[in-house]
Structures are given as C-alpha cells and as structure tokens.
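Results of the structural survey
Each chain is listed here by its residues.
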Amino acid sequence: MTNWTEFAAAAPHIAGVFTRRLKATGRLSLIATLRSDGFPRISPMEPIVLGDQLWLGGMADTTKSKDLRRDPRFCLHTGTVDTKVSDGDAKLFGVATEVTDPDVRETYITGFRAESGYDLTEVPFDLFSADITGGSSVEVAGDRLDIHIWRPGEAERVVHKD
C-alpha cells in the first residue's frame, strides 16, 4: 500500500492538483464507499494530509464509516462547482484502515487542530488512514483535456484528449 508521501513522490502532478483543490474548497471532497447492498454511496468528506498520511476523519458512527469498516475501498474526489474544470480536479482510489490507537488519534487531534483550528479533544469521531491504490487528475489545456493517471508500480503518465 502507498501512503501520501510515497504517492506524492510517485505522482507529483496528481498530488499537486489534489492539494490545490483541497485548499480551494476548504478540504471539501466527496467520498464514494460501498453500501451493504453493494451499491455506491457518495458522501461529503473533509480529508486532511498530516505528515506522511492522508486521513479520513469524521463524525462518529456515520454510514460512510460503517461502509468503510465493512468494505474499506473508497474513491475520493475533490470538490468542484466549475463545469469548465478550469482549476482541474483529482480523484484518489484507496483502502481505508480504521485507527483506534489512542496515541495515533492524539497525534491526529494535535495536527488537525494546528491545521484547522478545530479541537477534537472532546468530540467523538471516526478516523481512518488511507492507503492510495491509484489516482488521476484532469486539467483543461487550451482545447484539450490533460488526464494524469497513476497506479502503484507505474510512472505517472498523461493522456491528452482533444
């Protein structure tokens, strides 16, 4: 599996678009999980990169948390309201692992507070670390789309669509 630092080194363009879009939306993204009946579910999510890891945190015991506990696969898509995608967008595929270790959760709380200003000390929340299994980004370049694609073990590549 690939943590954020490894992903950013292997796919710097996609990581850059993803990071730029997170900043532009205040981290608002959409996460796709799988419901118990196998159908996809899309939910809002505010992921955060702290240290070497992409973290998926949120309110305790939500349906998306239950989905990730049952089937840890996800797709995370940066938020956009621009139909022309002028600032690009990105999506990451991965596997989530629930984090229950109190020391790791405390480190997350400290980092989250420093990054967002919000203190989770007294707030029940679920926390998952994300291992990235693929990613892509889309950007408009004149009259074409540039689609960057990455999979583990492969170089980041670009496909041009006219």
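As a reminder, the structure under discussion sits directly above these lines.
Read on for an overview of the structure. (Residues numbered from 1 in each chain as written. Predicted model: local features only at pLDDT ≥ 70, side-chain atom pairs only at ≥ 80, totals over all residues. Heavy atoms only, no water.)

Comments concerning the overall build of the chain
Heads up, the rule is: Each helix is a run of H or I in the DSSP string that is no shorter than four residues. Each strand is a run of E no shorter than two, and both are numbered from the N terminus. The reference for a compact globule is 2.2 Å times residues^0.38; the radius of gyration itself is calculated from the C-alpha atoms. Think of it in three bands: residues with accessible area under 20% of the maximum for their type are buried, residues over 50% are exposed, and the middle band is partly exposed, with areas taken using a 1.4 Å probe on protein chains only. The contact criterion used throughout is that any non-hydrogen atoms of two residues lie within 4.5 Å. Using a 1.4 Å probe, accessible areas were evaluated by the Shrake-Rupley method; residue-level cover was limited to the displayed protein chains.
Tallying secondary structure elements over the chain gives four helices and nine strands in all. Against the compact-globule benchmark of 15 Å for 162 residues, the chain has a radius of gyration of 16 Å, which places it among compact chains. Projected onto its principal axes, the C-alpha positions of the chain cover 50 × 40 × 35 Å. Burial analysis of the chain (162 residues in total) assigns 43% to the buried set. Within the chain, residue pairs in contact and separated by at least 24 positions form 59% of the contacts whose partners lie at least 6 positions apart. For the chain, the exposed surface amounts to about 8700 Å²; the carbon and sulfur share of it is 55%.

A word on the environment of Ser129
Mapped onto the fold, Ser129 is located in strand E7 (residues 125-141). Sequence separation between Ser129 and Ala96 is 33 residues; the distance between their C-alpha atoms is 5.6 Å.

Section: the side chain of Thr78
By the secondary structure assignment, Thr78 is in strand E5 (residues 73-78). Taking relative accessible area as the criterion, Thr78 reaches 1% and is therefore assigned buried. Apart from residues lying up to four places away in sequence, Thr78 is in contact with Phe18, Arg21, Leu28, Ser29, Asp89 and Ala90.

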